[in-house]
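Residue-level structure breakdown
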Amino acid sequence: MVKDMMRQVSYMEVSNMRKVLIFIRLVIFFTIMFFGIIILGKIFTPKWKNGTLSQADGQDYTINGYYELPKNSIDVLFLGDSSIFKGVSPMEIYEQTGITSYNYSVSSARIYLLYYILEDAYKYQKPKVIMIDPLTLFYTEKEVEPERRKSFDYMKFGKTKYEMINDDFFEFDLKEKLSYYFPLFRYHSRWNEINMFNVKRTFGSYHSITKGYIMSTKINPRYTGFNYMNPSNKKVVMKDYTKKYLDMFVKFCKDNDIDLVFLGIPDTRAWGYEQNEELKKLVNEYNVKYLDLNNDSYGLDFTTDTEDKGMHLNLKGAIKVTNEVTKYLKNNYNFKDHRNDNEYQKWNEDLIKYNKLKVARLKELDYKIENKIYDVKKKTTTTKNIKNKH
């Protein structure tokens, strides 16, 4: 009987051991599967090109390049859409003043997306000034999915991304939410497009010598200057949800002692006298600042300084706009000059590389201007495409 009891105990021990081993194997299997889905999702996610000059023009470089910055090393943060990332060059500011900044802008970004970008960005940097493109306040339609993905896909997962995905404003169903948590579910059909370049880029360095600025050497002249700022009878509409997220954005800045400055980048397509007047009211209402560059006071020339008839600036235009931004920051704030700080020597190394690149690109632009070689697009744009241009 004792032997039978011992056999029974031994059998139970073996049975329990088997269950433990099965459980461990299942845990290992699902852990490997989970991380496999995460890793493959990173590889399969599109790189979302914002320019055509180099792979560093991708949206993945803009966002991941920000995450690679040394913590709390940025004085000024630029937020907005394509008008900003093609209109402001942080390295120009650094060269003249030693002020560090980063251009964390996303194509077609609306204020509700920028609010979450700001909340996430502030975990890694503590800028004293944020300059935001006011154009983001006057979009009358929500962005299309590919534009939204540019904001979501490369943001690190955490509390902010979780809140963004579950914000009722976006009206995501369960399938859509899962695709934002696990991008592989959305992009698995790209399997035949993936190669070693995608793998190397996904796990390589995203260090940005331009600090998020997208350099353009395209040119397509506009010959009517700043006439888009003349008064007209157009009506300006600000959506209720825009006002809600603007309230949240301003409150976040004030709660964290951040100076908020609206930065009016020249944009002949989406900006005008009416938007400008409405913005002035908001500036007074929220007691924030406004640097308006939609004027001819600083030498901007739409015949040489734009890549697409005034919708976006090329390198020449960006330098002129950035010079005005630099003057504004220098005259209104007392930032430390980091150019001689040992901790910022990487910026000085990047500046050398940036200037070499800039000289080459300016030569290319000058050649195009001298020989009237213009980057004229074929007229295949629809009304819907125009609205989603940025």
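Residues numbered from 1 in each chain as written. Predicted model: local features only at pLDDT ≥ 70, side-chain atom pairs only at ≥ 80, totals over all residues. Heavy atoms only, no water.

Read from one edge of the open sheet, 5 strands run E2-E1-E3-E4-E5, paired in parallel fashion. Of all strands in the sheet, those bounded by a partner on one side alone are strand E2 (101–103) and strand E5 (289–292). Adjacent strand axes in the sheet meet at a mean angle of 20° when their direction is disregarded. Relative to strand E4 (residues 259–264), strand E3 (residues 129–132) runs parallel, the two being bridged by 4 bridges. Within E4, the position partnered with isoleucine 132 by the bridge is phenylalanine 262. On the sheet, helix H12 (residues 273–286) packs against E4 and E5 and is oriented at approximately 155° with respect to E5. (Pairing = 2+ DSSP bridges. Helix = DSSP H or I, 4+ residues; strand = E, 2+ residues; numbered from the N terminus. Axes fitted to C-alpha atoms, helices over the stretch in contact; angles between N-to-C directions. Contact = heavy atoms within 4.5 Å.)

Moving on, we come to the nonpolar core. Membership of the largest hydrophobic core comes to 92 residues, with the highest contact counts inside it found for Tyr104, Met131, Phe249, Leu263, Val325 and Leu329. For this core, the element with the highest residue contribution is helix H5 (residues 111–121), accounting for 9 residues. Non-local contacts of phenylalanine 249, meaning those with residues more than four positions away in its chain, are made with Leu79, Ile111, Leu114, Tyr115, Leu118, Ile130, Ile132 and Leu260. If you look at the next biggest cluster of nonpolar residues, it comprises 5 residues, including Ile37, Ile43, Phe44 and Leu184. (Core = buried A, V, L, I, M, F, W, Y, C linked by side-chain atoms within 4.5 Å. Buried < 20%, exposed > 50% of the residue type's maximum accessible area, 1.4 Å probe, protein only.)

So, on to the side chain of threonine 160. On the secondary structure map, threonine 160 appears in helix H7 (residues 159–165). Side chain to side chain, threonine 160 and lysine 123 meet in a polar contact 3.0 Å long. Setting aside its immediate chain neighbours within four residues, threonine 160 contacts Tyr116, Glu119, Asp120, Lys123 and Met155. (Polar contact = N/O pair within 3.5 Å; in protein donor to acceptor, adjacent residues only side chain to side chain.)

What follows is about the pairing of E3. Burial along E3 is two-sided: Val129 and Met131 facing one way and Ile130 and Ile132 facing the other are all buried. Taken together, the 4 bridges between strand E1 (residues 76–79) and E3 define a ladder with parallel strand orientation. In the strand pairing of E3, valine 76 is matched with valine 129.

A few words now on the confidence of the model for the protein. The pLDDT averaged across the protein works out to 88; a share of 90% of its residues lies at or above 70. Long-range and interchain partners of residues 380–390, a stretch whose pLDDT sits below 50, account for 32 contacts in this model, where long-range means more than four residues apart. (pLDDT = per-residue confidence, 0-100.)

On to unusual backbone geometry, then. The backbone of glutamate 171 shows a phi angle near 55°, a positive value even though the residue is not glycine. Considering the arrangement of structural elements, one finds glutamate 171 in the loop between H7 and helix H8 (174–181). Even without being a glycine, asparagine 287 presents a positive backbone phi close to 55°. Mapping asparagine 287 onto the fold places it in the loop between H12 and E5.

Before going further, it helps to examine the packing of aromatic side chains. In this structure the tally under the stated criterion is 30 aromatic pairs. Measuring from ring centre to ring centre gives 5.2 Å for phenylalanine 29 and phenylalanine 30, while their planes differ by 75°; the resulting arrangement is edge-to-face. Relative accessible area serves as the criterion here: at 47%, phenylalanine 29 is assigned to the partly exposed category. Across from the ring centre of tyrosine 122, 4.5 Å away, lies the NZ or CZ of lysine 126, which sits over that ring. If you follow arginine 149 out to its NZ or CZ, it ends over the ring of tyrosine 180, 3.8 Å from the centre. (Phe/Tyr/Trp six-rings, centres within 6.5 Å; stacked < 30°, edge-to-face > 60°. Lys NZ or Arg CZ within 6 Å of the ring centre and 35° of its normal.)

Orientation of helix H4 (residues 90–97) relative to helix H14 (residues 345–370), taken along the N-to-C sense of each, is 120°, at an axis distance of 10 Å. When the axes of H4 and H14 are compared, the pair comes out oblique. For the crossing formed where H4 meets H14, the hand is left-handed. On H14, the residues touching Met91, Glu92, Tyr94 and Glu95 of H4 are Trp347, Asn348, Asp350, Leu351, Tyr354, Asn355 and Lys358. (Parallel < 35°, antiparallel > 145°, perpendicular 65-115°, else oblique. Left-handed = near helix turned anticlockwise from the far one by under 90°.)

Time to look at the pairing of E1. Here E1 shows no split at all, with Val76 and Phe78 on one side and Leu77 and Leu79 on the other all buried. Across 3 bridges, the pairing between E1 and E2 is parallel. Residue pairing in the sheet places leucine 77 in a bridge with tyrosine 102 of E2.

We now examine the side chain of threonine 304. Its place among the elements puts threonine 304 in the loop between E5 and helix H13 (315–332). Residue classification places threonine 304 among the buried positions, given a relative accessible area of 17%. Side-chain polar atoms of threonine 304 contact the side chain of aspartate 305, separated by 2.8 Å. In contact with threonine 304, other than residues within four places in its own chain, are Ile219, Asn314, Lys316 and Ile369.

Moving on to H13. With 18 residues, H13 ought to run about 26 Å at 1.5 Å a step, and its terminal C-alpha atoms sit 25 Å apart, in line with that. Listed as buried for H13 are Leu315, Gly317, Ala318, Ile319, Val321, Thr322, Glu324, Val325, Thr326, Tyr328 and Leu329. Summarising the contacts, the buried residues of H13 are in contact with E1, H4, E3, E4, E5 and H14. Sitting at the amino-terminal end of H13 is asparagine 314, which places a side-chain oxygen 3.1 Å from the backbone nitrogen of lysine 316. (Expected span 1.5 Å × (residues − 1).)

Bringing empty space enclosed by the protein into the picture now. Unfilled space is identified by rolling a water-sized probe across the atoms. Applying the stated criterion across every chain yields a total of 1 cavity of 30 Å³ or more. Computed from the structure, the largest cavity encloses a volume of approximately 40 Å³. What lines the largest cavity is simply Asp133, Pro134, Leu135, Gly264, Ile265, Asp267, Trp271 and Asn294. Along the lines of polarity and charge, the residues of the lining of the largest cavity split into 4 nonpolar, 2 polar and 2 charged. (1 Å grid on protein atoms, 1.4 Å probe; cavity = no way out; pocket = protein on both sides within 12 Å on 5 of 7 lines; lining within 4 Å. Points joined across faces, edges and corners; volume = space filled by probe spheres on them. Nonpolar A, V, L, I, M, F, W, Y, C, P; charged D, E, K, R; others polar.)

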